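Each chain, written out:
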Amino acid sequence: MKPSLLTILLGLFLILTVLVSLYLTFQTSKPTTTKGETHLLKIGSQQISVEIADSHEKIVRGLSGQAELKADTGMYFVFKERSRQTFWMKDMLFSIDIIWIDQGKVIGVEKSAPVPTGTSIPIFSSPDKVTEVLEIPAGFFDQKNLQLQDPVKLIN
């Protein structure tokens, strides 16, 4: 017995629905930025080029294992919810300044966070709830005369 035209069309409709669902699931699970993609960030009167860590994988990896962080560059961590954040220096190969940001303003800084020595892995916590964190080369905060309450804004 041959399948009717209606049965064939229903089968094709179901297959198409599954394929569209899979496509949409794949598209929405992609991070919003790709490795190496940079954006311009203004902090106080300074502009720096940043890579955005906005997915779980990027936030966990951070700058770990990276050989260096060039002058006037950084990694900008964006969190879905305002919360107290804790960062550790696991697998870090260089010292950094960690800037704690809440709703577009600097609320704290950890200057020259050291690299791990032996089995000791330094851990740093935000002074309060934050929406973003910026990691920049050690000494940048003081060299550029940045201050608490400086505004922070992504330009592009």
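Residues numbered from 1 in each chain as written. Predicted model: local features only at pLDDT ≥ 70, side-chain atom pairs only at ≥ 80, totals over all residues. Heavy atoms only, no water.

Another aspect to go through is the overall build of the protein chain. Along the protein chain, the regular secondary structure elements total three helices and nine strands. The secondary structure elements of the protein chain, listed N-terminal to C-terminal, are α-β-β-α-β-β-β-β-β-β-α-β. Looking at the 156 residues of the protein chain, the share that counts as buried comes to 34%. In the protein chain, of all internal contacts separated by at least 6 residues, the share reaching a separation of at least 24 is 70%. (Helix = DSSP H or I, 4+ residues; strand = E, 2+ residues; numbered from the N terminus. Buried < 20%, exposed > 50% of the residue type's maximum accessible area, 1.4 Å probe, protein only. Contact = heavy atoms within 4.5 Å.)

As enumerated under the stated definition, the model contains three aromatic pairs in all. The interplanar angle of 85° and the centroid separation of 4.9 Å between the aromatic rings of Phe77 and Phe87 together place this pair among those described as edge-to-face. Of the two residues, Phe77 sits in strand S3 (residues 73-83) while Phe87 sits in strand S4 (residues 86-88), which places them 10 residues apart along the sequence. Looking at Phe87, the relative accessible area reads 9%, which means it is buried. Note on Phe79 and Phe87: the rings are 6.4 Å apart at their centroids and 85° apart in plane angle, and the pair reads as edge-to-face. The rings of Phe77, Phe79, Phe87 and Trp100 are connected pair by pair, giving a single aromatic cluster. (Phe/Tyr/Trp six-rings, centres within 6.5 Å; stacked < 30°, edge-to-face > 60°.)

Looking now at the nonpolar core. Residues Leu63, Phe77, Ile96, Ile98, Trp100 and Val133 are the most contacted members of the largest nonpolar core, which totals 17 residues. Secondary structure elements with two or more residues in this core: S3, strand S5 (96-102) and strand S8 (130-137). Beyond its immediate chain neighbours, meaning those up to four positions away, Leu63 contacts Leu69, Met75, Met92, Phe94, Ile96 and Glu135. Counting 15 residues, the second largest nonpolar core, distinct from the first, contains Ile43, Leu134, Ile136 and Phe140. (Core = buried A, V, L, I, M, F, W, Y, C linked by side-chain atoms within 4.5 Å.)

This part takes up the confidence of the model for the protein chain. For any part of a model where pLDDT is low, the fine detail of the predicted coordinates should not be relied upon. Averaged over all residues, the pLDDT of the protein chain is 84; the fraction at 70 or higher stands at 79%. Note on residues 18-34: pLDDT is under 50 here. Beyond four places in sequence and across chains, it has seven contacts. (pLDDT = per-residue confidence, 0-100.)

Right, let's get into a nonpolar patch on the surface. On the surface, a nonpolar cluster with roughly 300 Å² of combined accessible area is contributed by Trp88, Ile121 and Ile123. Looking at the element boundaries, Ile121 is found in the loop between strand S6 (105-113) and strand S7 (123-125). Owing to a relative accessible area of 31%, Ile121 belongs among the partly exposed residues under this scheme. (Patch = residues over 30% accessible without salt bridge, like charges linked within 9 Å, V, L, I, M, F, W, Y side chains within 5 Å. Areas by Shrake-Rupley, 256 points an atom, 1.4 Å probe, with all protein chains shown as cover. Salt bridge = Lys/Arg side-chain N within 4 Å of Asp/Glu carboxyl O.)

Separated by 30 residues in the primary sequence, Ile121 and Asp91 place their C-alpha atoms 8.7 Å from one another. Those residues in contact with Ile121 that lie beyond four places of it in its chain are Trp88, Met89, Lys90 and Pro116.

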